Amino acid sequence: MNLSEIRELVHVGRPDAPYGVRALARCYSVGDLRRLARRRLPAGALGYLEGGGEDEWTLRRNREAFSEVELVPRVLRDVSQPDTGTTVLGTPMPLPLILSPVGSPGMFHHDGELAVARAARHAGLTYGVSTLATQPLEAIADAAQGTPLWFQLYLWGDRSAARKLVAQARAAGYRALLLTVDSAVRSKRERELRHGLTLPTPELTLGTVLDAARHPAWAWHFLTSPALGFPNLAMNGPTSRQRLTQMFDGTVGWADLDWIRQEWDGPIALKGVLSEEDARRAADQGVDAVIVSNHGGRQLDHTPPTLAVLPGIADAVGDRVEVLFDSGIRRGSDIVTALALGARAVLIGRAHLYGLAAAGEAGVRHAIDILAGEVRATMALCGAASLADLDRSLVRATRPPAPGLPE
Ligand SMILES: Cc1cc2nc3c(=O)[nH]c(=O)nc-3n(C[C@H](O)[C@H](O)[C@H](O)COP(=O)(O)O)c2cc1C
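On a predicted model such as this, the values are computed, not experimentally measured, just so you know. (Residues numbered from 1 in each chain as written. Predicted model: local features only at pLDDT ≥ 70, side-chain atom pairs only at ≥ 80, totals over all residues. Heavy atoms only, no water.)

### Remarks on the overall build of the protein chain
Tallying secondary structure elements over the protein chain gives 16 helices and 14 strands in all. Here the C-alpha radius of gyration of the protein chain, 21 Å, is about what a compact globule of 407 residues would show, namely 22 Å. Over its C-alpha atoms, taken along the principal directions, the protein chain stretches across nearly 65 × 50 × 40 Å. Out of the 407 residues in the protein chain, the part that is buried amounts to 57%. Of the roughly 16,700 Å² of accessible surface on the protein chain, a fraction of 52% belongs to carbon and sulfur atoms. Distance between charge centres in the protein chain, computed from 44 positive and 45 negative side chains, equals 5 Å. (Helix = DSSP H or I, 4+ residues; strand = E, 2+ residues; numbered from the N terminus. Rg over C-alpha atoms; globule rule 2.2 N^0.38 Å. Buried < 20%, exposed > 50% of the residue type's maximum accessible area, 1.4 Å probe, protein only. Areas by Shrake-Rupley, 256 points an atom, 1.4 Å probe, with all protein chains shown as cover. Lys, Arg positive; Asp, Glu negative; His and termini not counted. Charge placed at Lys NZ, Arg CZ, Asp CG, Glu CD.)

Written as structure tokens, this is what we have:
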């Protein structure tokens, strides 16, 4: 039996209290939000949020790479009016920060993508919506109310389904297409397997019931909200995980870019590029941006941390394509470091999801506020008045340097 079936039998009232909002006052960092999220979520959902591929080596290395660099500040510069504005893929943004596409955010908070879209609107930030969204693309666009949305596309064997999705995103006003290319097949995520996690709806077993009982606020809202599904793929129910695995069938190739270009007349970014050669090829094929990403350590284990390959990729493509970055961002200083090493902007996955799990829209707003404040303070303390002042002279590798980082 599945939780969505239980929902039909049990009618429970909705608690009024806002979920987790008061506790936000004591959260001063993304790490604090993480602690709150870890208390709120049952083990299956937490394993899905935090886990990585196989031994999670890449997951750890993504964070360690930020500890292997130092910032060398410049002093006595006028930083009284820090300018953090930029334009990415033709989208103006007040901060070089984009909310990453995430599948099944409804698992972390009952308002899911709608909460994230509203928080993005509040901050004027761009939100990348996943193919595996748990809300219809149009409903997310309604919640975003004109705030720029990008659509993240997973391609699989049935290309006609992708064509339909791209048309749906265009009609709903999505501005750019992120084609995720690091997921030819879905990786082995042992935390998910251990907790018997099924997407989009957790399966009901004795273990999941006991676990949910230990997290009553999450469980209460989960049971009193509509059942989770992948409405843009018309996929529901406990067999979805199996169908998901079948979807990633390894058939996507460079030639697919040509027909995608015909279906989509807006900007296109390749998400999940880690080699200089692939970045150059993307530029040759007319892609507008590459996103240096290892999927937050969730796909191939033992890839390099993204920070280590960023400078080489930025050099390889020069001004031919925009270079974006993600995987491991938890601090404003991480964002400043990535920009100094060649990124135009960064995407954040878990950093905004910790806020979402902690307190829904208010939690995502809090995560954005924390990072925005840290970016401004780090820039000012580094003597940078605008993003143009962030260059490689600011960053130095601690000894010994990670491969790829500047000496
Ligand atoms: C729970 C979760 C689900 C994700 N789902 C998707 C997805 O559907 N599509 C995608 O392109 N990336 C997905 N990602 C990867 C993120 O877009 C992003 O690349 C990654 O989270 C960045 O690393 P960070 O979490 O350390 O910031 C997901 C990440 C997480 C944590």
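After presenting the structure, the write-up continues.
### Quick word on the nonpolar core
By size, the foremost hydrophobic cluster in this structure holds 116 residues, and its most contacted members are F108, L153, Y174 and F325. Among the elements that make up this core, the one with the highest residue count is helix α16 (residues 350-382) (16 residues). In contact with L153, other than residues within four places in its own chain, are T131, A162, L165, V166, L177, L178, L179, T180 and I260. If you look at the next biggest cluster of nonpolar residues, it comprises 13 residues, including W150, A176, A269 and A345. (Core = buried A, V, L, I, M, F, W, Y, C linked by side-chain atoms within 4.5 Å. Contact = heavy atoms within 4.5 Å.)

### With respect to helix α14 (residues 306-317)
In this model α14 runs 16 Å from its N-terminal to its C-terminal C-alpha over twelve residues, within 8% of the 16 Å that 1.5 Å per residue would give. Of all twelve residues that make up α14, eleven are buried, and the element is covered over most of its length. The complete set of buried residues in α14 reads T306, L307, A308, V309, L310, P311, G312, I313, A314, A316 and V317. Immediately downstream of α14, the backbone of G318 shows phi near 55°, a positive value. (Expected span 1.5 Å × (residues − 1).)

### Quick look at empty space enclosed by the protein
Over the atoms a probe the size of a water molecule is rolled, and this reveals where empty space is left. With the rule as written, the count across this model stands at three cavities of 30 Å³ or more. Computed from the structure, the largest cavity encloses a volume of approximately 490 Å³. Forming the boundary of the largest cavity are 34 residues, of which P101, V102, K271, H295 and R298 lie nearest the centre. Grouping the amino acids of the lining of the largest cavity by side-chain chemistry returns 14 nonpolar, 13 polar and seven charged. (1 Å grid on protein atoms, 1.4 Å probe; cavity = no way out; pocket = protein on both sides within 12 Å on 5 of 7 lines; lining within 4 Å. Points joined across faces, edges and corners; volume = space filled by probe spheres on them. Nonpolar A, V, L, I, M, F, W, Y, C, P; charged D, E, K, R; others polar.)

### Topic: the environment of A362
By the element assignment, A362 lies in helix α16. Assessed through its relative accessible area of 28%, A362 is described here as partly exposed. Sequence separation of A362 and L24 is 338 residues, and the distance between their C-alpha atoms is 8.3 Å. Setting aside residues no more than four positions away along its own chain, A362 makes contact with V21 and L24.

### Here's the deal with the sheet that holds strand β5 (residues 126-129)
Pairing is parallel around the closed barrel formed by eight strands, whose spatial order is β4-β5-β6-β7-β10-β11-β12-β13. Strand-to-strand twist across the sheet, computed as the mean angle between neighbouring axes with direction ignored, equals 30°. With two bridges connecting them, strand β4 (residues 97-99) and β5 associate as parallel partners. The partner of I98 across the bridge, within β5, is T126. Together, β5 and β6 (149-153) form the strand contacts of helix α6 (residues 137-144), whose direction differs from that of β6 by roughly 155°. (Pairing = 2+ DSSP bridges. Axes fitted to C-alpha atoms, helices over the stretch in contact; angles between N-to-C directions.)

### Brief notes about the pattern of salt bridges
With the rule as written, the count across this model stands at 21 salt bridges. For R63, the salt bridge is made with D334, and the minimal N-O distance between the two is 2.9 Å. Here R63 is found in helix α4 (residues 57-67), whereas its partner D334 is found in helix α15 (residues 332-340), with 271 residues between them in sequence. One salt bridge in this structure joins D211 and R214, with 3.7 Å as the shortest N-O distance. (Salt bridge = Lys/Arg side-chain N within 4 Å of Asp/Glu carboxyl O.)

### Focus: unusual backbone geometry
The backbone of E54 shows a phi angle near 40°, a positive value even though the residue is not glycine. Assignment of secondary structure puts E54 in the loop between α3 (43-50) and α4. Accessibility expressed as a relative area gives 45% for E54, which makes it partly exposed. The phi dihedral of H302 falls on the positive side, at around 75°, and the residue is not glycine. With respect to the helices, strands and loops of the structure, H302 is situated in the loop between β11 (289-292) and α14.

### As for the site of the ligand
For the ligand, the set of nearby residues contains 24 residues, the closest of which are P101, S130, T180, D326 and G328. Backbone polar atom of P101 to an oxygen atom of the ligand: 2.7 Å apart, as the coordinates give it. At 3.0 Å from an oxygen atom of the ligand is found a side-chain nitrogen or oxygen belonging to K271. Contact with the protein chains hides 98% of the accessible area of the ligand, taken as 600 Å² for the molecule alone. Taken atom by atom, the bulk of the ligand overlaps the largest cavity. Listing elements by their share of the shell around the ligand, those giving two or more residues are α3 and α16. When the residues that make up the shell around the ligand are grouped by side-chain class, the tally is eight nonpolar, eleven polar and five charged. (Near = heavy atom within 4 Å. Polar contact = N/O pair within 3.5 Å; in protein donor to acceptor, adjacent residues only side chain to side chain. Sits in = over half its atoms within 2 Å of the grid points.)

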